[in-house]
Amino acid sequence: SILHITMFTLHITMITLHITMFTLHITLPNLHITMSTLLQVCEVCRKHDIRRVADLGCAELTLEAYLKATGTITEINSVDIDRDILQQCAYRIRPLIADRISPRKESLMVRVLHGSVLDPDPRLLNLDCIIAIELIEHLQPHQVQPFSRNIFGNLKPHHVLISTPNSDFNTLFELTPGHFRHWDHKFEWSQAEFKEYCEGIETRFGYSVERFGVGDPPTPEYGYCSQFAFFTRRRGRDEDKVETENDSEVSPKTYYDEVYEVVEEFNYPVADPNISPEDKLQDALSYEIRGIAMDEYYDEGYDSSTIPLSRLMDLPAIRQFEPTLEQMMRLVRGCELVIEVSDGGVPCEGDVRVEKVSEMGPYIRTNNLELVEPPESEKESESEEMEEEGAEGGHYVLDDNECWG
């Protein structure tokens, strides 16, 4: 009986494993397509030197993490109708400590806006590109024309990038006609329907279009899993006229009120181009010495630390400068709380001695950080927290939108 029960349990376990693997098999292609879509957007931005963008229907701000990593984007305007989800996910595009340690070469402003994609806002006028990834299918059919008129007729970016599911591909997902990939989709276009929409934009608003996609099909008739259209505004067109609902042409407004609410706005730190390589090396040395000393203080309770010069010279952050021993010894003497530097008589075998590690405040790099006292309201709770943890220190000022901690 025990053997039978064991075999039965094993059988159930194998069935569960098969179901899990089947679920994983279904889920992974969708994940792959999502990643491919985001990477495709970044590749388009790099290829066309796009720097100022708007992401319409940004939702959880997933694309923003990819856009800011391109290193070429200088302005991102993220728009969505769901204010709650914008507030919940705004942390994803907040500058990190790493952005302070290694500032960007060029500026980057990320603005999170609450509003409807059917309404024009002057902050989105004449951008390099407006991006609408998997958005248009979430609109009601009667909203597609006002959406297109707002983007192509009012805001007039140099480029527009739109993607939407290809319903011809749904057969491979075993979806029957009338069933969509997401519960909130109001429609899903076939390849022919999407082509018709793109050609209408070309005719009515004076944009050329290039169509492509992600998610290669097993045979050509299915088309791509997700279909893309990249529109480029034609030069020399009379742009003082746009199509209206009754198909007449009138001069559009030249000024729009700011109807979007700013939920968050972040300006990323930028590296100072005037900092010399030697200043950068001393900055790196101070940071690494402090890090090693503080690790030993918190891990072992040591209030002093002796660090071999050879250890410092082997660190990638230091090695990139190819410093000489003489240069190292000279610069290390200017670092915080360093009281002694010895060469040991042999190159790279000297020591750096640091004392009173517990008195170190937060390390201040040469870019964008300053040490300040916390607000009075924070001091009492901060003091209690430090008593509990046995730690001392100050605070970094990150920006006006980031909390103490």
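This one's a predicted model, so the numbers in the text were calculated from it and none came from an experiment. (Residues numbered from 1 in each chain as written. Predicted model: local features only at pLDDT ≥ 70, side-chain atom pairs only at ≥ 80, totals over all residues. Heavy atoms only, no water.)

## Observations regarding the overall build of the protein chain
So, point 1. Counting its regular elements, the protein chain contains 11 helices and 15 strands.
So, point 2. A total of 405 residues make up the protein chain; the buried ones form 41% of that total.
So, point 3. Partitioning the intrachain contacts of the protein chain with sequence separation of at least 6 by distance along the chain shows that 73% fall at a separation of at least 24.
So, point 4. Carbon and sulfur atoms make up 52% of the accessible area of the protein chain, which totals about 22,500 Å². (Helix = DSSP H or I, 4+ residues; strand = E, 2+ residues; numbered from the N terminus. Buried < 20%, exposed > 50% of the residue type's maximum accessible area, 1.4 Å probe, protein only. Contact = heavy atoms within 4.5 Å. Areas by Shrake-Rupley, 256 points an atom, 1.4 Å probe, with all protein chains shown as cover.)

## Section: helix H10 (residues 325-332)
So, point 1. With six of eight residues buried, H10 lies mostly within the body of the structure.
So, point 2. Residues of H10 that are buried: Leu-325, Gln-327, Met-328, Met-329, Leu-331 and Val-332.

## Examining unusual backbone geometry
So, point 1. One non-glycine residue, Asn-126, adopts positive backbone phi at about 55°.
So, point 2. Examined against the element boundaries, Asn-126 turns out to sit in the loop between strand S3 (109-114) and strand S4 (129-133).

## Thoughts on the pattern of salt bridges
So, point 1. Here the structure, examined in full by the defined rule, presents 11 salt bridges.
So, point 2. Between Arg-46 and Glu-43 there is a salt bridge whose closest N-O contact spans 3.8 Å. Taken as a pair, Arg-46 and Glu-43 lie in helix H1 (residues 2-47) at a separation of three residues, close to a single helical turn.
So, point 3. One salt bridge in this structure joins Glu-258 and Arg-123, with 3.7 Å as the shortest N-O distance. Linking Glu-258 in the loop between strand S9 (249-250) and strand S10 (261-267) with Arg-123 in the loop between S3 and S4, this pair joins segments that are 135 residues apart in sequence.
So, point 4. Exposure remark for Glu-258: the relative accessible area of 52% places this residue in the exposed category.
So, point 5. Judged by relative accessible area, Arg-123 falls into the buried class, the value being 13%. (Salt bridge = Lys/Arg side-chain N within 4 Å of Asp/Glu carboxyl O.)

## Some words on the sheet that holds strand S7 (residues 226-233)
So, point 1. Strand order in the open sheet formed by eight strands is S6-S7-S5-S4-S1-S2-S3-S10, with mixed pairing between adjacent strands. The open sheet has two free edges, formed respectively by strand S6 (207-214) and S10, since each of these has just one partner strand. For this sheet, the mean angle separating the axes of adjacent strands, direction not counted, is 15°.
So, point 2. Sheet topology note: the S6/S7 ladder contains eight bridges and is antiparallel. Residue pairing for S7: Phe-212 is matched across the bridge by Phe-228. (Pairing = 2+ DSSP bridges. Axes fitted to C-alpha atoms, helices over the stretch in contact; angles between N-to-C directions.)

## Some thoughts on the environment of Cys-335
So, point 1. Take Cys-335: it is sitting in the loop between H10 and strand S12 (338-342).
So, point 2. Among the residues examined, Cys-335 registers a relative accessible area of 6% and is labelled buried.
So, point 3. The spatial distance from the C-alpha of Cys-335 to the C-alpha of Arg-290 is 8.8 Å, given a sequence separation of 45 residues.
So, point 4. Apart from residues no more than four positions distant in its own chain, Cys-335 is found in contact with Gln-282, Leu-285, Ser-286 and Ile-289.

## Observations regarding the pairing of strand S1 (residues 52-56)
So, point 1. Burial analysis of S1 places four of its five residues in the buried class, which makes it a mostly covered element.
So, point 2. As paired elements, S1 and strand S2 (residues 75-80) share five bridges and run parallel to each other. For Leu-56, the partnering residue across the bridge sits in S2 and is Val-79.
So, point 3. Where S1 lies against S4, three bridges are found, and the strand directions are parallel. When the sheet's bridge partners are listed, Asp-55 is paired in S4 with Ile-131.

## Considering the confidence of the model for the protein chain
So, point 1. When pLDDT is averaged along the protein chain, the result is 76; 70% of the residues meet or exceed 70.
So, point 2. Below a pLDDT of 50 lies the segment residues 15-33, which in the model reaches five contacts outside its immediate sequence neighbourhood of four places, other chains included. (pLDDT = per-residue confidence, 0-100.)

## Description of the packing of helix H7 (residues 277-300) against H10
So, point 1. For the pair H7 and H10, interaxial distance at closest approach is 10 Å and the crossing angle is 65°. On the basis of their axis angle, the class for H7 and H10 is roughly perpendicular. In the crossing of H7 with H10, the sense of the turn from one axis to the other is right-handed. Where H7 approaches H10, its residues Glu-278, Leu-281, Gln-282, Leu-285 and Ile-289 are matched on the opposing element by Gln-327, Met-328, Arg-330, Leu-331 and Val-332.
So, point 2. Tallied by class, the residues present in the contact of H7 with H10 amount to six nonpolar, two polar and two charged. (Parallel < 35°, antiparallel > 145°, perpendicular 65-115°, else oblique. Left-handed = near helix turned anticlockwise from the far one by under 90°. Nonpolar A, V, L, I, M, F, W, Y, C, P; charged D, E, K, R; others polar.)

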